[in-house]
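Each chain, letter by letter, is given below.
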Amino acid sequence: SQMQGFLDVMTKYATPSGIDRLEATIKDFAKEGMNDVSAIIEKRISTLLNTSTPKLESAIRNAAHKAGETLGKKLGQALATPVGQAIEPAVNAIIGDITNGSDSAKKLLGGELSKELGKAVANMTTQKISEEAGEVAEDLVDMALKKG
């Protein structure tokens, strides 16, 4: 009967030897189960790292490149005023030659022309400086990633 089957199962696990057998089964399951769970977790983490590492490295390189470019642009912009000031005497001399030494022409044109020429020189160099700074920043990240 069902009752007898139930009592047989209970007797199997309720006796001291049954309890010992049940404890051993649980310990084995826990030990083997943890090994299986660890293996699954290791595999999933390994797969995740293998697929995400190149993406992370690429994102880091891109960020470094952009930071270098930004720095290069700031440097180029910072050059505009000093370059304009440095070429102002030469521009004034040229304007003086063209206008037969007119001080009013030098004042009117010299300062503005020097500023604009300074900006033009800075603009021409800014792109190259920003590209180079971006490459240098990216190279530094590559070196750090290879060492790490």
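Residues numbered from 1 in each chain as written. Predicted model: local features only at pLDDT ≥ 70, side-chain atom pairs only at ≥ 80, totals over all residues. Heavy atoms only, no water.

Here helix α2 (residues 16–98) is 83 residues long and its end C-alpha atoms lie 116 Å apart, about the 123 Å a rise of 1.5 Å per residue gives. A maximum bend of about 45 degrees is found in α2 at E88, where proline P89 lies one to four positions downstream. A positive phi of about 55 degrees marks N100, the residue just after α2. (Helix = DSSP H or I, 4+ residues; strand = E, 2+ residues; numbered from the N terminus. Expected span 1.5 Å × (residues − 1). Bend = angle between axes of the 7 residues up to and from the residue.)

Here we come to the environment of S102. The residue S102 is located in the loop between α2 and α3 (103–147) in this model. Distance in space between the C-alpha atoms of S102 and S52 is 68 Å, their sequence separation being 50 residues. Reaching out from S102, the side chain makes a polar contact with the side chain of S104 at a distance of 3.1 Å. (Polar contact = N/O pair within 3.5 Å; in protein donor to acceptor, adjacent residues only side chain to side chain.)

Okay, the environment of L22 next. In this structure, L22 sits in helix α2. In the structure, L22 is positioned 27 residues away from L49 in sequence and 40 Å away in space, judged by C-alpha atoms.

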